[in-house]
Each structure stands twice: as structure tokens, then as C-alpha cells.
Amino acid sequence: MGEDTRQRLDKWLWFARIVRTRAMAQELVEAGHVRINRQRTQKPGHDVKVGDVLTITLHGGVKVLKVDGLAPRRGGAPSAQLLYTDLAMPGGDAASAEKGDAPGSGLC
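Description of the structure in this document. (Residues numbered from 1 in each chain as written. Predicted model: local features only at pLDDT ≥ 70, side-chain atom pairs only at ≥ 80, totals over all residues. Heavy atoms only, no water.)

Examining the pairing of strand β5 (residues 53–58)
Okay, so step 1: The side-chain alternation of β5 yields one buried face, formed by L54, I56 and L58, and one unburied face, formed by V53, T55 and T57.
Okay, so step 2: Bridging between strand β2 (residues 34–36) and β5 involves three bridges; their strand directions are antiparallel. Its bridge partner lying in β5, R35 is registered against T55.
Okay, so step 3: In this structure, β5 lies alongside strand β6 (residues 61–67), joined through six bridges in antiparallel fashion. The residue of β6 that forms the bridge with T55 is V64.
Okay, so step 4: Counting the residues between successive antiparallel strands, the hairpin from β5 to β6 contains two residues, one of them, H59, with a positive phi of roughly 55 degrees. (Buried < 20%, exposed > 50% of the residue type's maximum accessible area, 1.4 Å probe, protein only. Helix = DSSP H or I, 4+ residues; strand = E, 2+ residues; numbered from the N terminus. Pairing = 2+ DSSP bridges.)

Here we look at the packing of aromatic side chains
Aromatic rings considered in pairs are described by the distance between their centres and by the relative angle of their planes.
Okay, so step 1: Tallied over the full model, the rule gives two aromatic pairs.
Okay, so step 2: Judged by centre distance (6.2 Å) and plane angle (70 degrees), the ring pair of W12 and Y84 falls under edge-to-face. Taken together, the positions of W12 in helix α2 (residues 9–15) and Y84 in strand β7 (residues 84–86) put the pair 72 residues apart, joining distant regions of the chain.
Okay, so step 3: Where W14 meets F15, the ring centres are 5.5 Å apart and the plane angle is 35 degrees; that geometry is what we call tilted.
Okay, so step 4: By relative accessible area, which is 25% here, W14 ends up partly exposed. (Phe/Tyr/Trp six-rings, centres within 6.5 Å; stacked < 30°, edge-to-face > 60°.)

Notes on the nonpolar core
Okay, so step 1: Ranked by size, the top nonpolar core spans 20 residues in total, and within it L9, W12, L13, I18, L54 and I56 carry the most contacts.
Okay, so step 2: Elements represented by at least two residues in this core include exactly α2, α3 (22–30), β2, β5 and β6.
Okay, so step 3: With four residues, the top contributor of residues to this core is α2.
Okay, so step 4: Those residues in contact with L54 that lie beyond four places of it in its chain are L9, W12, L13, R35, I36, V48, K63, V64, L65 and V67. (Core = buried A, V, L, I, M, F, W, Y, C linked by side-chain atoms within 4.5 Å. Contact = heavy atoms within 4.5 Å.)

Given below as C-alpha cells:
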């Protein structure tokens, strides 16, 4: 039953399509670029559960994601997006980009 409520960190990162491969997920964690509930972890096998908050340093930026679900396998992008909520952008740049705002049309 524990497998229904928890999942390995590297598998979750891969299933949620944060990284392209599971090996990349393992490397990201081992390099110390992932925190679970503000605690740095370097163990790809660390368990995550629904409600955990992950802070991920990725491609020169920081993602803050709340785990909303676990998956039995890697699915498509729409199903992967259901696994988390992005807490870093509560309506900022991501919402503007989706609306099609031009990069120079905002405040300077």
C-alpha cells in the first residue's frame, strides 16, 4: 500500500515531465538541485507524497511545484500537468505569455 501514497523522487520528476529522462532526474537530484519541503536531498530514491513542495533549480531558473498526484507510469503532457501545481508563477509571466502579450508591451 505504501507505493500508492509515495513515489520515488526521480520517477516523479520523470513522470511529471520536469526532465526528459529518468537518468536526467537522478543526476539533477544527486547534484543537489532539488529540495523537498525546503530540505535538500541528494537521494533519487527519496519518497515524495501528495502535498510535498519541491524546489527545483533547472536551466538557470527555479521551479516551485506542489505535488498534487502520483502516476503509475509516464503519460502525455496533459496528464503530467495534473501531477503538480506551479507555485512560483501564481499569475505572473506564465499567464502573460499564454495570453500572447508581446515581450516589450509591459511596464519597464
